[in-house]
Each structure stands twice: as C-alpha cells, then as structure tokens.
Number of protein chains: 2
Amino acid sequence: MSNPLHSLFLGPKGENEQLLKELLDSALQTHLHWRRTYHPEDPSPIAAGGSPTPAASAERVELRRHFASLLLQLQRSVPFFSGRYNGHMLSEQTIAGQAGYFAAMLYNPNNVSGEVAPVTTRLEEEVAHLLAEMIGYDPTRCWGHLTSGGTIANFEALWIARNVFYHPVAASLAARSLGVDVSVSLPDGSVAMLGELDLWPLLNIRPDSSLDLWEKLWLAAPRPAVENALRSHSLATLGYQDYNMQLAAEFGDPLPAGVVLAAGTAHYSWAKIVAALGVGSNQLVFVPVEAKCRMDPDALWREIESLTSRRIPIMACVSTCGTTEQGAVDDLQRILEVRARAERELGVTFHIHSDACYGGYAASLTRAPDGSRHTAARLREICGGAHWPTDQWARSIRALESADSVSIDPHKLGYVPYPAGAFLLKDRRGRELVATDPPYLALTTSRENGDAPVIGRFIFEGSKPGASTAATWLSHKTTPLNSAGHGRIIASTMKAARDLYALLGSSDFSPFRVIRVSQPDLNIVCFLLHHPSLDTLSALNALNETIYRELSPNAEMSAPYMITRTRLTSPAYDGAIRPLLSSLGKDGESYQKDIAEGLTVLRATVMNPFSVDANPDYLLGLTDAVRRAAISFLGESFGGRQLVREQANIQREVDVTEAGLFRVSRTGIQVGSDTGEKR
Amino acid sequence: MSNPLHSLFLGPKGENEQLLKELLDSALQTHLHWRRTYHPEDPSPIAAGGSPTPAASAERVELRRHFASLLLQLQRSVPFFSGRYNGHMLSEQTIAGQAGYFAAMLYNPNNVSGEVAPVTTRLEEEVAHLLAEMIGYDPTRCWGHLTSGGTIANFEALWIARNVFYHPVAASLAARSLGVDVSVSLPDGSVAMLGELDLWPLLNIRPDSSLDLWEKLWLAAPRPAVENALRSHSLATLGYQDYNMQLAAEFGDPLPAGVVLAAGTAHYSWAKIVAALGVGSNQLVFVPVEAKCRMDPDALWREIESLTSRRIPIMACVSTCGTTEQGAVDDLQRILEVRARAERELGVTFHIHSDACYGGYAASLTRAPDGSRHTAARLREICGGAHWPTDQWARSIRALESADSVSIDPHKLGYVPYPAGAFLLKDRRGRELVATDPPYLALTTSRENGDAPVIGRFIFEGSKPGASTAATWLSHKTTPLNSAGHGRIIASTMKAARDLYALLGSSDFSPFRVIRVSQPDLNIVCFLLHHPSLDTLSALNALNETIYRELSPNAEMSAPYMITRTRLTSPAYDGAIRPLLSSLGKDGESYQKDIAEGLTVLRATVMNPFSVDANPDYLLGLTDAVRRAAISFLGESFGGRQLVREQANIQREVDVTEAGLFRVSRTGIQVGSDTGEKR
C-alpha cells in the first residue's frame, strides 16, 4: 500500500473491506447500546426470546425475498469504482463518507432544525465552516449549509441574489412611506441619498451596500415599521406582476427585465432555475466562451456595455469553476475585474455567483495545512507539474473568496455519497431576505451563538438527511481540506487527466486523427476522433456518437471502458468549436457551415482516485478502447467489421479479459497478440 | 412477538438486531463480490497482503478517531425510536428502508438518469407506480418520481400548475402568430375557438383542456413551428416582467396577478414557494379553516366568488391531507365539488393540488390486497373503530385520485429514512412544460417504453440518491401499500392517537383543565392545559410553552416524554381558536380580545409503530408527564416548586426510571408512591 490515499476508499477489489466492516459494526453496536440504555427500565414491546408468530415469520420471508431481488438487481449497476469508468462525475466514495452516512442514518436526524437534529445541525455548521475556510470566506460574516445537490444550491444563490438586487427598490419605497431618507453607496464609490435615486441606480447597488440599507433604515425609523414597510414593497411579497406595476407607478419606466449572465458552458440547471424563478430563459444571457471553454472576460465586458446602453439591469453573473462538460475553470479574477471596471466606468454592478459545484474542491489543493495559501510555484512543486497549475489557475481558485456566493458539491469531488450539495454566501445578511418562519419549529435557541437550530428558516428545503452531513463531516475531518489531505486526491486526478490528455496526443489512432479540446483545467478531458472519409459535420458527429455508444454502460456492462460525450452547441461554444474545426485543415473548413448542428465531443471524467498510479494502466486501455470503437464505426459504415479491421491493418486483437494485461505502451498503441481474436 | 408489524422495525431495544445485521452483511458481501468479479483480471492498485505504510496507518488512525467522536456525538440524538417521543413527524424506520438504503448506497447511483442509475431509476418508476395505485391515479396517464422532500415536491406541483395555467395564453398567441385557430373546452362544458377568447377565459381552462391544446396545435401547424411559437410566448421563456407586458399589449388589461388558494393550515413551505416562484406571498390567499382545522369548503366558495367578482384569476388551490400541525385531513371531495360548481356557475377553474406529504399514506389503509377500495364501514371493521374512520374521511382519502397533483413523503408516514419525498401528477403531459434538456445526459433511451432514464429532463433537482429509491422500494415491496400491509401501521398509529385523545379527556389534570383541539383525523393530537389563575391569553400561552419546554429534547435527553407545540395564528385559525376559547367559558371570553396573539397548543405526533399496544403504556406516561410539567409552571409562577406541589396536593412522585412501571391507570392518573420523591 504505497499511497496513503488508498486507505481512504473501499478499493476496486474491496481491499479495505475490514476497515469498512469494523466501522459499520461499531456504528451499529453503539447505536444499539444507545437504544438499550435509553430508559432501560422500559419493557420491550416485542416479546424477547419467543418464537416469531407465523405472520411475523412471513413478513421476514417477504423482506428477505425482496432484499435478495434488490441485491441481484444492484449487480447491474455502473461500476463507478473501477478505473475503467471515466464517464460522469461519479467515482469511489470515501469509507468515511459511507460509514458516516450509515452511522447517522440509524438515528435519522432531519437537519432542518436543531430540535430534531441536535448533533448533525452542529456538524453542518462545522462543515460549512470548513468549506468556507477552504475557499477563503470570512467565517464570521458568511453563511453556509448543505443541500440535496448543486441545483438547489444554485437556486438558492439566484433566489437570494434576486432579492438583494431588488432590495434597494423596496428600501427606497419603504423610506418614502416612512418619511425618512438614508445614504447609500454607489458602485463608483460616491454616496447618494436613497430618495434621490431613480430606478436604474437603485438596481445597481453593490450587494453589501444593498444589505447595509437594512440597518440604516432601522436607525432612521422604528424597526417593526421598517420591517413592515420593506415587506410590503418587496418582490417576495408582491410577486412579479404587482411588483412591475409598482415600478411603473413609482418610477415611470419600469426598465426591461433584469438579466442573468452566464457562460455558454453553464450547467443546464440554470435554465430550470431562471424559468422557475420567473426570471425567464430569455433573460439568461449567454456570454461566449473562449477556446478553453472558459467565459471570455472581454466578451463579458462587451455584453455589459451593450446591456447598459440598452438600460437593461444585470441581476447576477454566474461564473463556473469546473464546467460540467469540460471541467473548465473560469478566470474568476478577471471576471471580478470586469465588474470592478463596470462599477467605475459604467456605474453598473451585480451579484457574482461561482458555480463551483464540480471544481470547488480544487481549493483544497491551494491550502497549506496551516491554512495559508500556496503560491502557484509551490502548487507546481506539489503537483509535480512543470507548467501546471498555472498562475492563472491559482488566481482563479483564489478568487472564489471574492465571489458573492459559491456552490460546491461534496457528492462530486468531495467523494461522499449522494445527496450532498453546499451553498455558501459571503454576506450572511442576504439570507434574511428569503427567511420564512416555520410555525412548528422552535424559533428560539438555547445556544448563545450560532443559528444551526433554526436553519430551516433560511433554506429552501424543508427536510434533509443529517446523515449526509455526518458523511461529509467525517470525510473532511479525516482528510482535511488542504494540500496534505483532500488536495492530494484532487492533484492526483488532475495529474491522471493530464496524462490522458498527453497520451491522446502521442498515440497513433490511424486511420483516425484525434483532436483534443484543450488541456484540462481540472480532470475532465474532451476530445473527438476524425477520419478523412467523413465529409460532413453530421458524419463526424456520428463517428463520435458511435464511439460513445460503444463505450457506454449497457445492460451487461460489457463495454471494456466507459466514457461519455457532450455536444458543444452553437453559438454558445463557437469560441471553442471554431479552433477545433480549424485544426482539421480543409476538412474543418467545410464543416463550419453546419456549425449550428453543434459538435459532439467525447468526455472522460478522470476522477478515480487510483487512476494516477493504476496498474494496469487504465488510461492506455481507454485510449485503445476508443480506437477500437472508432474502427467498429467504420466497419458499420463500410459494410463489415472484418473488412475494416483489415483496412486498418489490425491483425489480431487481444482480449483484455483473457490476457490480463494490455500489450500496449505509452509510446504508442501496440495491439497485437496471438491469443486469438475475441471481442 | 404477537404483532407481525414488530418484525418490520429494529425495535426500541434493538430486538431485531440479527435481522438487520444479516441484511447489512449480505448487502456488503454481494457488493464486494460485484466489485471482485468485475474484470477480475485487473490487478489491485492497493498492494494486498503488505503492511500499510506509516502514512496509510496514520490515515486510518485519523478515521477511527473522528469516527469514534461521531459515534459519541450521535448518542445525543433525539430518541425517535422510543414510545416516549411523540414530537415531530419522526419515528422508527423500517428495517427494509435502512437496509435498502445501505445496500444501494454502496453503489451510489444518481437517479437523475438511467445512464448513471440503470437499476434504481427503474425502481423509481416502480415506486411511483405503487404510490399512484395507492391513491388511485391511472398509471398509464400519470407521472411520478421521488424528490428530496415535500418542499421540492410541492414546488414542482405549483411550478407545473403555473405553466399549465398560462399555457392557453401562450397557445392563443402562438396560434395567432401561426395564423391558425383551434377549439378549446371551457369549464362550463361549452366549446369555443381559442382565438376568440379574452384573457379571463384563457386563464380559466381546465388543466386537461389546457394540455390538449398542444396536440390540437400540432394538428393545425407543423410541430417545430408550434413548439417555437409556444416557447416564445411562454412565461418560462419570457419571464414575468416581459410576460406581463405581453399580456398588457395583447389583451389590454393584464388582469390582477393570479392567486394560490391554501388553507391557513398549509405548510410553511408554501410561503417559500410562492415567494421563490415570483408569485408573491400576497397572492397566497388563505382560506379559513373550520373547528377541525380543515379547509372550510363554504369559505372556499365565498373566496372564489369574491375573487371572480374582482376578476382575479386563480392559479391553483392547495388542499392538505394531513396538516403538519394537526394532521387534519381536508374534505377534498367537497373542495372538488366547490371547483365543479365554480366551473358550472362562474366559468372559473384552477389546478387542485393535494399536499398529502404527511397523510398520503393513509390511502394504503383504504386499499384491499386485491387493489379494490374498502368501504368506510369495512374500514371501521378493520380499524376496530365504532365511529371512525368516518364516511367523510374515507371519501376525502379517496378523492386524492381526482386531485391534479399530489405530494407524499415516504420519509414521513412511509417510515423510510430521509431523504424521500414524492410528487405525483395526474396528467403526465404537464411535465413537458417544465422540461429542460441536459446536454451531457443521453436524450435517447434504449428502452421502448417508459422514460426513467431521462428523468432529469422533468424534475427540478439535478442529482438525487438512488439509495433513497431502493429504501422506499424495498419497504413498499415488503409491506405492500394496502390494509393488510402498510395500512396496518397507519391504522395502529391512528388508534393510538385516538387512545391518547380519549385518555386526555378522561384523565384528572386538576388543578388544570385540558382542552383538546379535535378528534385526530390521523395521528396527531393537539391540546392545551388551562388553569383558572391565568387571566390573560399570554399567561395561558406561557403555561403551554412551559409544558412544551419541559417536554422537549434537551442536551441530556432527560425529559421523560417528548412532544412539541404549535401556535394557532389569527386570523387563519380563528375557526379553530374561537370554539376552543369558548369552551373555557367566561375565561375564554376574556381571552378572545387578544386573539391576534394566537394560541399555543401542545402537539403529540403519535406515529411510533409500537404505541398501540405498548407496555408500559406510553400514552399514560405522557399524560402524567404533561401534568407534572404544568405543575412546574405553577411552581415557577408562584415562587417555589415545593409550595405548589403541596397546593396541588401531590405528595410524592414516583421516579419512573426507578420504579420501572407507572403507578397510573387509565381511569385517572394516580400518582403516589413511597419510593421517595425524585425528579
């Protein structure tokens, strides 16, 4: 066991079975002890020692029968644990995550309130604190909690951002109705009286200044009156329809609807979120991406200028840290600089949310065990990369600390079981704008500091498993969120992805040619295969769709390797598609005319923690499997697999399940064996 | 083991430990077998047999250390498993639920797509089918899926209802832009041409007629053109602000904002949901409740008349089956009749959603094993109730089959671990209006029928644990959703709640008097204590708040029994508060003037599956504990506990932890013992 990381996971062969069993057993034993020592004088309602009645026996027979069926069915699951799986964002889970989940599930706490989860709500505060420290939020000012997943975390981000965005309007009308006025900071640094501001400047107040208005109004008028007046003018109370009428009545021109800026790479949950919130998908404005699939900061600036010239207010900008499709890490620092420039030069500002559901845990790599930040140079030493992580990458991750909100999924690169998302808000006051009081949960807390017991006031979900918190807590306590702990897993998968990227570049795919999207920012590698006979973009896409299908999980799990694919759509991805097609030379040019169809690219998420030093070399095996799948496409296209195999000058193929090891090397794929052809 | 239900749960003393252990062990063993037989020729990345490195050993030490800490902390959880806990909606979980969750969690499927959860997405379809059959939906027309909880299920209901509500408007404008027209059914049974309808009738089309417009338009114009035109006129695309402008431009008067009707008893999630959706909390119109805390159908009719006279359209009406506070079951049949009358007489209609998150599983009791419905008379035989379940109750549960959508939480009365909510939609076409296509998940399916693999298109969440599905599936397969299966648990807790209700009525609480809210519709009993010395409503509330605090979980879990409390707020609950206060006679009259303060009532959720035949009798113990807690309040109020104990003529109290059994009987609380005073 050369790599200490290897003791963190059950292992592809269940190598750490004894450790997991030991933990599960002690969880169950202590749980039973807890039950048995709680009012031990209470007699058992279940006659101990007696034989079960026939009816009770029948129940057990049914349970065992259906359980056996469940276990049998589960055998047809996708083997995420294996290095052969590099598909979606799923891999091993830590033993800590598995055992922590199980241990707490026995107690079944509901983390909506300390009243029903006194232990795990405290642990949730601690988890939020650990995540906040990792990205660099000030724990005394921020707020965070776990969600069922990234969509809910992103939803809460935009829900709060919208309320903060419209808060100055409510404050202005509230102040007017109370006959008071207060000062407010404008994005260009000047200060104005709230009552003097027209709608446009009111919709361009920085989030922190927007939230300051609350306390300013409390100082100017009695607090209950302020609360009432704010409430009666808020969007949450009025709803969009009446709110719009209020805007038109009070400000003349209600202005066009506020927009949300996002890169074309943004997760599809954003489309759901803007539709559900009533913002409307027309108001989800896609900022073009550059060749590396990152949001183009120059394009962002141009978009802001254009929106400003049309007097269209910007509610929020969603930047991504680890896009779902390519793992691309936006240059968040430059995006923040664009906003600062917009504040200075245009008087325009907005909430910046980082959707770091996938990539957020990369921040663990940037932290030294003492909590300080590593320099980019030190990061390169740690990772063993001559040129990576780049200065820009380090700066982009560091910039998370300046985003107004961040979403991070423990059930992705946190390696804990579903369901575990997380939402972090830099300025905790924002949550008050979405607070709802549950009547039946205690609104007071016996604790002097902290507010975990009433978490339900501020979150969207009404119930959530404390078990998920315990899983995340245990995993992060065991393997701290720094470069000596969890960061090693991140570094190892990033290295493996770079190895795959390099291998794709150095391998001989003839008669195919491989085109790689870009160096992975994290651990997702996108690429496509090309063959000179493919004279349309459709045909090119069909080749890669076939490779994908061949390398997809099927009912028998017979695919030797598993990856997935995505479609780079036009125009959102034009910045990435055009250079790819251009690299094909003349062929590529002819494809450009069909760019509206989009480009299918293969996608390998290299997040197995054992990938980097795997033996056999799964990356080589994957590369080989991709070529074989491509050949099968040609076979189908040209009337016979055998024919094409000959064309491709492949004589005999080794069956990996038989030979036990690949006859391949990193200097090129050498497929050849005399063990007989078998696929 | 007299009761076969007793083999379904781990048991308060862990009596069924061996059964759970056996299942956990076989789950782990089959999982390990699965790992080990997947490409067994792949060597292990973890050197087998070798000693762990010092670093790996250190990792294990850390894991064990933090795990021990977690287990120790978990010992301070709330003992939901015990008959002493009758607080929130939490109790035992079935062994099937626990083992099913654990078994599937090892595979960590994500039920957003069949690509990553080929097994558990199929099981989710099956679970949805079982729930649909239980409530009476046509499985060939309906759709259902699991969610993280009731809030998300309710959110999806209103999200879809809103889109269906506005769909005729989009259809009308789409038809106009395409130069076609189609017929549409109006709620009074007549038929009109869509193009002739003004905004008011367009916002009063029955949900099924609204969805019919889709196919009608496809017949009238090319489908892609129809889809485009619909999309460009839909609220989801335009967002509320532009949509409102469209309404004003196309129809002149955009009409007031659409409202959502809900009883004052509605769960607080509805306030969040209308705020988040942009509907606005002003548009959440509370319909008064009657004395039993059910929505008052007459008041509903008056509200509809009033809204109609003001030309305010109704988006949806939320009826509750099992209110969170009182377990009240709305008379859904009468609510449906009110809608039918509104359709006939006023030409007004709306979506009816049943929030059956808590009470939905009561439907299992109404099903015979062959799937047929029991009559109310037969239900009384089954439950052993002379007068319950009532005809009205049976009719109300049966009416779920006519609601347009229903939410039901398996993690409440389904007795499976968190997280497990469920959403059911009667007409599956509605989900298309909220569909979003994820680019990276396969949009095609190899299956000829069914659509589980692409479930992510239609649901709000982007990831969810397949383990939760497995838990629900196994629990419901083992204990079917009928009166011979799961219904027995429901009947048993309903009976226990009625026993508690009766016991409260027959017990001597002197010097206090008990006032009970109403016979429980399900298994929640609400009541309050009164003392003649309390001359204000505040003082009365303070008494009951004190009882609640004394009987709440604390850090030491030293409360002998645990219940919770809620506040009946005014005016929403006036229909329930006024008769309660009146029953106090002259005292009550004097409280009425402070009714705005609301009334605190104690709340016991009697859902422990062992309650009905528990020994010791936890219901008696609870009643006793309530009186003791009340006495402690008097003690605090009048300067010394001891004094009041004497006043109350209680000489010595038995310590239940010492005596082992209560010295109490159902004919009245007889507290007395010579074992020494000790509390």
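Here the structure is shown first, and the text comes after it.
Description of the structure in this document.

Conventions adopted
- Residues numbered from 1 in each chain as written.
- Chains lettered and ligands numbered in written order.
- Predicted model: local features only at pLDDT ≥ 70, side-chain atom pairs only at ≥ 80, totals over all residues.
- Heavy atoms only, no water.
- Core = buried A, V, L, I, M, F, W, Y, C linked by side-chain atoms within 4.5 Å.
- Buried < 20%, exposed > 50% of the residue type's maximum accessible area, 1.4 Å probe, protein only.
- Contact = heavy atoms within 4.5 Å.
- Helix = DSSP H or I, 4+ residues; strand = E, 2+ residues; numbered from the N terminus.
- Pairing = 2+ DSSP bridges.
- Buried area = accessible area lost by both parts, 1.4 Å probe.
- Salt bridge = Lys/Arg side-chain N within 4 Å of Asp/Glu carboxyl O.
- Polar contact = N/O pair within 3.5 Å; in protein donor to acceptor, adjacent residues only side chain to side chain.
- Nonpolar A, V, L, I, M, F, W, Y, C, P; charged D, E, K, R; others polar.
- Axes fitted to C-alpha atoms, helices over the stretch in contact; angles between N-to-C directions.
- Phe/Tyr/Trp six-rings, centres within 6.5 Å; stacked < 30°, edge-to-face > 60°.
- Least-squares fit on C-alpha atoms with pLDDT ≥ 70 in both.
- Arc of directions from axis to C-beta.

Remarks on the nonpolar core
Turning to step 1, where the next piece is worked out: In this structure, A:Leu158, A:Leu529, A:Leu599, B:Leu158, B:Leu529 and B:Leu599 are the most contacted members of the largest nonpolar core, which totals 463 residues.
Turning to step 2, where the next piece is worked out: When sequence neighbours within four positions are dropped, the list of residues in contact with B:Leu158 reads B:Val260, B:Trp270, B:Ile273, B:Val274, B:Leu277, B:Met315 and B:Ala316.

A look at the environment of B:Leu20
Turning to step 1, where the next piece is worked out: Tracing the backbone shows B:Leu20 in helix 1 (residues 17–37).
Turning to step 2, where the next piece is worked out: Residues B:Leu20 and B:Ala96 lie 76 residues apart in sequence; the distance between their C-alpha atoms is 8.4 Å.

Side note on the pairing of strand 13 (residues 599–605) of chain A
On any regular strand, side chains alternate: one points to one face of the sheet, the next to the other face.
Residue and element names in this part refer to chain A.
Turning to step 1, where the next piece is worked out: Taken across its 7 residues, strand 13 has 7 buried, putting it largely inside the fold.
Turning to step 2, where the next piece is worked out: Relative to strand 13, strand 11 (residues 524–530) runs antiparallel, the two being bridged by 4 bridges. The partner of Phe-527 across the bridge, within strand 13, is Leu-602.
Turning to step 3, where the next piece is worked out: The pairing of strand 12 (residues 564–568) with strand 13 spans 5 bridges and is antiparallel.

Points about the interface of chain A and chain B
Accessible area lost during the coming together of the parts is what is often quoted as the interface size.
Turning to step 1, where the next piece is worked out: On the chain B side, the residues contacting the 176 residues of chain A number 176 residues.
Turning to step 2, where the next piece is worked out: Together chain A and chain B conceal approximately 15,700 Å² of surface at their shared face, both sides included; 60% is due to carbon and sulfur atoms.
Turning to step 3, where the next piece is worked out: The interface formed by chain A and chain B includes 12 salt bridges.
Turning to step 4, where the next piece is worked out: When the shortest N-O distance is used, the salt bridge between B:Glu41 and A:Arg84 registers 3.5 Å.
Turning to step 5, where the next piece is worked out: At the junction of chain A with chain B, the criterion picks out 77 residue pairs in polar contact (both at pLDDT 80 or more).
Turning to step 6, where the next piece is worked out: Considered class by class, the residues forming the side of chain A that touches chain B number 91 nonpolar, 55 polar and 30 charged.

Examining the sheet that holds strand 7 (residues 351–355) of chain B
Residues and elements named next belong to chain B.
Turning to step 1, where the next piece is worked out: Sheet architecture is open: 7 strands sit in the order 1-9-8-7-6-4-5, paired in mixed fashion. This sheet does not close on itself; its edge strands, each paired only once, are strand 1 (143–147) and strand 5 (284–287). Ignoring which end each strand starts from, the neighbouring axes of this sheet average 20° apart.
Turning to step 2, where the next piece is worked out: Packed onto the sheet, helix 5 (residues 150–178) meets strand 1, strand 4 (259–263), strand 6 (314–320), strand 7, strand 8 (405–408) and strand 9 (421–425) and runs at close to 150° relative to strand 6.
Turning to step 3, where the next piece is worked out: Most of the contacts of helix 12 (residues 332–346) go to strand 7, to which it runs at about 170°, and overall it touches strand 6 and strand 7.

A word on the sheet that holds strand 11 (residues 524–530) of chain B
All names here are of chain B.
Turning to step 1, where the next piece is worked out: An order of 10-11-13-12 is seen for the 4 strands of this open sheet, with the pairing classed as antiparallel. This sheet does not close on itself; its edge strands, each paired only once, are strand 10 (513–516) and strand 12 (564–568). Direction aside, neighbouring strands of the sheet carry axes that sit 40° apart on average.
Turning to step 2, where the next piece is worked out: Strands strand 11, strand 12 and strand 13 (599–605) of the sheet are contacted by helix 18 (residues 537–550), whose axis makes an angle of about 25° with strand 13.

Comments concerning the packing of aromatic side chains
Residues and elements named next belong to chain A.
Turning to step 1, where the next piece is worked out: With the rule as written, the count across this model stands at 36 aromatic pairs over all chains.
Turning to step 2, where the next piece is worked out: Look at Tyr-561 and Tyr-618: their rings are 6.3 Å apart centre to centre, the planes differ by 65°, and that puts the pair in the edge-to-face class. Taken together, the residues Tyr-561 in the loop between helix 18 (537–550) and strand 12 and Tyr-618 in helix 21 (residues 618–637) connect sequence positions 57 residues apart. Judged on exposure class, the residue Tyr-561 and its partner Tyr-618 are both buried.

Here's the deal with the environment of A:Ile455
All names here are of chain A.
Turning to step 1, where the next piece is worked out: Within the secondary structure layout, Ile-455 lies in the loop between strand 9 (421–425) and helix 16 (466–478).
Turning to step 2, where the next piece is worked out: Along the sequence, Ile-455 and Gly-14 sit 441 residues apart, while their C-alpha atoms lie 38 Å from each other.
Turning to step 3, where the next piece is worked out: Apart from residues no more than four positions distant in its own chain, Ile-455 is found in contact with Asn-111, Val-112, Ser-113, Glu-124, His-145 and Lys-464.

So, the relation of the copies chain A and chain B
Turning to step 1, where the next piece is worked out: Once turned by 180° and shifted 0.0 Å along the axis, chain A lies on chain B with an RMSD of 0.0 Å. Given the turn and translation reported, the copies of this chain are related as if by a two-fold rotation axis. Scanning chain A for the C-alpha nearest the rotation axis identifies A:Leu277, at a separation of 2.3 Å.
Turning to step 2, where the next piece is worked out: Most of the interface of chain A is mirrored in chain B, where 100% of its interface residues again form contacts.

Section: the side chain of A:Asp404
All names here are of chain A.
Turning to step 1, where the next piece is worked out: Within the secondary structure, Asp-404 is located in the loop between helix 15 (391–398) and strand 8 (405–408).
Turning to step 2, where the next piece is worked out: Assessed through its relative accessible area of 7%, Asp-404 is described here as buried.
Turning to step 3, where the next piece is worked out: Excluding anything up to four places from it in sequence, Asp-404 contacts Tyr-137, Pro-207, Arg-339, Phe-350, His-351, Ile-352, Leu-425 and Lys-426.

So, the pattern of salt bridges
Residues and elements named next belong to chain A.
Turning to step 1, where the next piece is worked out: Within the structure shown, the criterion is met by 70 salt bridges over all chains.
Turning to step 2, where the next piece is worked out: With a closest N to O distance of 3.0 Å, Lys-21 and Glu-17 form a salt bridge. Within this pair, Lys-21 and its partner Glu-17 are both found in helix 1 (residues 17–37), separated by 4 residues, close to a single helical turn.
Turning to step 3, where the next piece is worked out: Here Lys-21 falls in the partly exposed class, since its relative accessible area comes to 23%.
Turning to step 4, where the next piece is worked out: According to the relative accessible area criterion, Glu-17 is buried, its value standing at 12%.
Turning to step 5, where the next piece is worked out: In this structure, Glu-401 and Arg-398 form a salt bridge, with 3.9 Å as the shortest nitrogen-oxygen distance.
Turning to step 6, where the next piece is worked out: Judged by relative accessible area, which is 27%, Glu-401 ranks as partly exposed.
Turning to step 7, where the next piece is worked out: Of the residues examined, Arg-398 reaches a relative accessible area of 43% and is grouped as partly exposed.

Let's talk about helix 19 (residues 574–582) of chain A
Residues and elements named next belong to chain A.
Turning to step 1, where the next piece is worked out: Where helix 19 is concerned, the buried positions are Asp-574, Ala-576, Ile-577, Leu-580 and Leu-581. Relative to the axis of helix 19, the buried residues are bounded by an arc of 160° and lie together on one face.
Turning to step 2, where the next piece is worked out: Contacts made by the buried residues of helix 19 are with strand 10 (513–516), strand 11, helix 18, strand 12, helix 20 (586–592) and strand 13.

Things to note about unusual backbone geometry
Turning to step 1, where the next piece is worked out: With omega at 10°, the peptide bond leading from A:Ser510 into A:Pro511 counts as cis.
Turning to step 2, where the next piece is worked out: Structurally, A:Pro511 is set in the loop between helix 17 (486–506) and strand 10.
Turning to step 3, where the next piece is worked out: Omega for the peptide link from A:Ser570 to A:Pro571 comes to 5°, which places this bond in the cis form.
Turning to step 4, where the next piece is worked out: Counting through the fold element by element, A:Pro571 comes out in the loop between strand 12 and helix 19.
Turning to step 5, where the next piece is worked out: The residue B:His39 is not glycine, and still its phi comes out positive at about 45°.
Turning to step 6, where the next piece is worked out: With a relative accessible area of 11%, B:His39 lands in the buried category.
Turning to step 7, where the next piece is worked out: One non-glycine residue, B:Cys293, adopts positive backbone phi at about 65°.
Turning to step 8, where the next piece is worked out: The topology assignment puts B:Cys293 in the loop between strand 5 and helix 11 (297–309).

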